[in-house]
Amino acid sequence: MVFRHMWRSIIGKAGQGGRVACARRRGARLLLEALEDRLVPTNYFVSTLGQDAAGAGAQANPFRSIQFAVDVAQSGDRIHVAQGTYGYNPAADQLSAPLRINPAVVMVYDKSLTIRGGFNNSFTALDPAANHTILDGGAALRGVYVLANQVDVSFDMEGFTIQACAAKAERNLDINAGNDRIFAFGGAMWLNDSARANSATPGTFTLRNMNFFSNRADGFDTTTLPAAEPGQTPGVGGAGAGAALALRFVPSLVMDQVSFNNNEAAGGKGAIRGGDAVGGAIHSDHSNITGTNLVFVNDRSIAGSSPGAGMTMDPGGISGGLQRRTADGLAGAAAIQINSTATFQHVAAYNNGAVGGDAAGQAGSGEAGAFLIEDSNVTMTDVDIRNNLARGGNGQDGGLSGGGAIATDGDDLTLNRVQIVNNVSQSGNGTRLAGSPGGGGLYLVAIKPGDRNTVLITNSLIADNQVRFGGQGDFSIGGGGGGVWEQGVNVTFTHVTFSGNVIGPNLAFGQALLLINDGLTNGFAPTPTTAVVNDSIFANHFNSNIPNVSTVHVRKQNGRNAITFNHAL
């Protein structure tokens, strides 16, 4: 009933040895000096009125293409970009052929640069709200690719809208092999510092006053291939991750005043099962994020469909054995995974969704309508998460669902002043078995021995969330936890209000809160599930579908699961 995605870092190689809603806007800032007079660093200027030519690039004679300026610049230089729309210009791209496997509007390779948009055409005023500066991929190309290979890289980008960009599978036999060739990362932006992961002097990355709109990451459709290529799982679609922003081994990313709107990660179709979709806006792998004033609206992760069984047993699972895999849609907004850390403050996440893949047999899971946290450490403060959906796919056996707002798997999570309101976890339809739905608001899970499993929730509201079956199939598989599902975790609730959470027809356990751990999972004895409730309120939970429905339900697995109330109403 839980997912386990041990995402390996899929490293693309470049050449030999490389590895390859609206945020609040700042007001206008007038420039007080002629920037081209600075000697160190060098300042370059780009405008749609400029030209890509030797000797250009000054304030009075700007370049035409951002890429041309990037190629000319040295580490530490600054590029100032005037209002207008900028697309990919092949004539301006001077990078070597291996680095142009999948071209990007802007490709930064082994350079530390600052790129700022929002200038007027004379570069005398900086106001991104008035001087819209847009990178447009034409629904075909990635927006920005920053790759560290031989040197440490820092990158600062501010004042841009990145729209209509798309990451496709890295289809080049000379550079990538196996699943690398069918996965897609970072439609609008891919920050790939993996080649420098063990550097003693890691770079820093900054995104400010940015808008990521309507970008995609599309896994490859393997039904068009005659057979699996070396290293690939036969009949499985490629995964799509981080439609707006993909992070790999990024040591420090600071985001401020950044919005993500209408981005979509999509798994490819597969003959046996579809590909996963992870992080409709953000996918983080071994990365560290500090985010303030972020908005996620209408971002989606939609797993690929399949006419086949919908399930494979893949190597690399628990204890080196085989792992059951379905086509899962995970994290409509952001997936923080694989030893990442994130600190989020002043964040809104509305109307995002994660949907499992349909299949003739076993449908995929839909988990984390907004945020997925797996094998990582996350703190959220002053966050509003509402109207998000996690939905399982449809098949002979419907896909499970978990976490209309947040789903976790083996992590430490701290929530303070967080509103989790009106989110839905809905399982998939099944012609035989319905999927199991859990955690209308939160789906908190830890399975393996040694998993991180501590959750602290303080001064927060968990209200009007709903968990429900999709509507078809045998419902005996069960489910529950209208507000919160706990499994194998230790949660402390302090000054938390649970109000009006709902479990739908044919469900009976834990309208507000469910503690569960039954039997063996992946061969392991269950970790005890515990909760401590301090100075908290449970109110307005009512269900007329089944008599004696519990508001708080503790399933006593050999007496190991337990809840403690201290001053609860």
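Keep in mind it's a predicted model, so treat the numbers as computed, not measured.

What counts, and at which threshold
- Position numbers for residues count from 1 along each chain, tracking the sequence in the order it is written.
- Confidence filtering applies because this is a predicted model: local features only for residues at pLDDT of at least 70, side-chain atom pairs given and counted only at 80 or more, and all residues used for totals across whole chains, interfaces and linings.
- With hydrogens and water set aside, each side-chain value is computed from the structure's full complement of heavy atoms.
- Secondary structure elements follow DSSP: runs of H or I no shorter than four residues count as helices, runs of E no shorter than two count as strands, and numbering proceeds from the N terminus.
- Only protein chains enter the accessibility calculation, which uses a 1.4 Å probe; a residue is then buried when its area is under 20% of its type maximum, exposed when over 50%, and partly exposed in between.
- Only the protein chains shown count as cover for residues, and the accessible areas themselves come from Shrake-Rupley with a 1.4 Å probe.
- Any two strands between which DSSP finds at least two bridges are classified as paired.
- By nonpolar core is meant a set of buried Ala, Val, Leu, Ile, Met, Phe, Trp, Tyr and Cys residues that side-chain atoms within 4.5 Å join together.
- We call two residues in contact when some of their heavy atoms are within 4.5 Å.
- The term salt bridge refers to a pairing of a side-chain nitrogen on Lys or Arg with a carboxyl oxygen on Asp or Glu at a separation within 4 Å.

1. Thoughts on the overall build of the protein chain
Then comes step 1: When you go through the protein chain residue by residue, the secondary structure sums to 1 helix and 52 strands.
Then comes step 2: When burial is assessed residue by residue, the protein chain has 59% of its 569 residues classed as buried.
Then comes step 3: When the accessible surface of the protein chain is totalled, it reaches about 19900 Å², and 51% of it is carbon and sulfur.

2. Observations regarding the sheet that holds strand β39 (residues 424-426)
Then comes step 1: Strand order across the open sheet formed by 9 strands is β12-β16-β20-β24-β30-β34-β39-β44-β47, with parallel pairing between neighbours. Only two strands of the sheet have a single partner each, and these edge strands are β12 (166-167) and β47 (502-503).
Then comes step 2: The pairing of strand β20 (residues 264-266) with strand β24 (residues 300-302) spans 3 bridges and is parallel. Bridge pairing in β24 links A266 to I302.

3. Description of the nonpolar core
Then comes step 1: Grouped together as the largest cluster of nonpolar side chains are 90 residues, with contacts concentrated most on M189, F296, F371 and F493.
Then comes step 2: Those residues in contact with F371 that sit more than four places away from it in its chain are F296, A333, A334, V347, A349, M380, I385, A405, I406 and A407.
Then comes step 3: Formed by 25 residues, the second largest nonpolar core is a distinct cluster that contains M107, L147, A407 and L514.

4. Considerations on unusual backbone geometry
Then comes step 1: Positive phi outside glycine occurs at A368, with the angle close to 70 degrees.
Then comes step 2: When you line up the elements, A368 lands in the loop between β31 (366-367) and β32 (371-374).

5. Remarks on the pattern of salt bridges
Any two side chains of opposite charge can pair if their charged atoms end up close together.
Then comes step 1: On inspection of all chains with the given rule, the structure shows 10 salt bridges.
Then comes step 2: Its salt-bridge partner being D218, residue K168 comes within 3.3 Å of it at the nearest N-O pair. Taken together, the positions of K168 in the loop between β12 and β13 (184-185) and D218 in strand β16 (residues 216-218) put the pair 50 residues apart, joining distant regions of the chain.
Then comes step 3: Residue classification places K168 among the partly exposed residues on the basis of a relative accessible area of 37%.
Then comes step 4: D218 gets classed as buried once you look at its relative accessible area, which sits at 14%.
Then comes step 5: The salt bridge partner of R432 is D397, with a shortest N-O separation of 2.6 Å. With a gap of 35 residues between them, R432 in strand β40 (residues 430-433) and D397 in strand β35 (residues 395-397) connect regions that are remote in the sequence.
Then comes step 6: With relative accessibility at 46%, the residue R432 sits in the partly exposed group.
Then comes step 7: Overlapping salt bridges bring together K168, R216, D218, E264 and R300 as one network.

6. Thoughts on the pairing of strand β33 (residues 377-386)
For a regular strand, side chains alternate in direction, first toward one face of the sheet and then toward the other.
Then comes step 1: In this structure, strand β29 (residues 341-350) lies alongside β33, joined through 9 bridges in parallel fashion. Along β33, the bridge assignment pairs V347 with V383.
Then comes step 2: Two elements, β33 and strand β38 (residues 412-421), share 9 bridges in a ladder whose sense is parallel. Each bridged residue has a counterpart across the sheet, and for N377 the counterpart in β38 is D412.

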